Amino acid sequence: PDLYDLSGITHLITSNPVTNERLKFITKDTITMPNFCGGWWNEKPVYLYENAYVLPRAFFVSEGSKGSFMPVGVNYVSPDRRYIYIQTKQAGTIIISESFHPGWIAVENNKPIPLTPYLNTFISFKVPAGEHEIRLEFAPQSLRLGLHLTQIGLFLILFILLLPKGLAWISKKEQSNRLKHQE
């Protein structure tokens, strides 16, 4: 498979013809576009291609097989969390057409699963034979650090805003205590 297939691209629109035997030419048309350099409107060719070899968003490749892909069930809960379901008779690799980033973590039964980049672009990880329910979550350290710094900042702002009132209250209490002791 090539990157078009792995990326889940079903159609390609381009201003230049493409020489890829995996892409089926559909049509050529022209569109009128502004010429931002000169101010005149130009007609530009547009080519439409269809990719009949597109792969599912997530798929399984068993060890030792070449070109054999099995779709994997993916439940997209939110932009940063997915649940992956698979039942397989062989060990292999799950490949997800999602940009690899060190902030992605995979967990099965509260045990982390090591992730590796597939073709330096997509998320992949190995699974043994059997039934699996895997949680994939995007939780980069930068996000956690940002949340902690925000909490500290809010605490400091509240402290600074409430400090004068607190000092005034303490001062009033001390004055009333002095008055009681003077009596």
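Just above sits the structure.
Small disclaimer: the values here were computed from a predicted structure and weren't measured. (Residues numbered from 1 in each chain as written. Predicted model: local features only at pLDDT ≥ 70, side-chain atom pairs only at ≥ 80, totals over all residues. Heavy atoms only, no water.)

Peer 1: Sorry, what's going on with the side chain of Thr14 here?
Peer 2: Mapped onto the secondary structure, Thr14 falls in strand β1 (residues 11-14). Note on Thr14: relative accessible area 19%, which makes it buried. Engagement of the side chain of Thr14 in a polar contact is seen with the backbone nitrogen of Asn16, the distance being 3.2 Å. Once residues within four sequence positions are removed from consideration, Thr14 is found in contact with Pro45, Val46, Tyr47 and Tyr49. (Helix = DSSP H or I, 4+ residues; strand = E, 2+ residues; numbered from the N terminus. Buried < 20%, exposed > 50% of the residue type's maximum accessible area, 1.4 Å probe, protein only. Polar contact = N/O pair within 3.5 Å; in protein donor to acceptor, adjacent residues only side chain to side chain. Contact = heavy atoms within 4.5 Å.)

Peer 1: Where do I start with the sheet that holds strand β4 (residues 58-62) in this structure?
Peer 2: Strands pair in a sheet through their backbones, by hydrogen bonds, and they do so in one of two ways: parallel or antiparallel. Sheet architecture is open: 5 strands sit in the order β5-β4-β8-β12-β11, paired in antiparallel fashion. Looking at the sheet topology across the chains shown, the edges are occupied by β5 (70-71) and β11 (116-118). For β11 and strand β12 (residues 122-127), the ladder comprises 3 bridges, and the chain directions are antiparallel. In the sheet register, Pro117 faces β12, and the bridge partner there is Ile123. (Pairing = 2+ DSSP bridges.)

Peer 1: For this particular structure, what's the right way to read the sheet that holds β1?
Peer 2: Spatially, β1-β3-β2 is the arrangement adopted by the 3 strands of the open sheet, whose pairing is antiparallel. Of all the strands in the sheet, just β1 and β2 (23-34) have a single pairing partner and so form its edges. Going across the sheet, the axis of each strand differs from the next one's by a mean of 20 degrees, ignoring polarity. Where β2 lies against strand β3 (residues 41-51), 11 bridges are found, and the strand directions are antiparallel. What sits directly across from Thr32, in β3, is Glu43. (Axes fitted to C-alpha atoms, helices over the stretch in contact; angles between N-to-C directions.)

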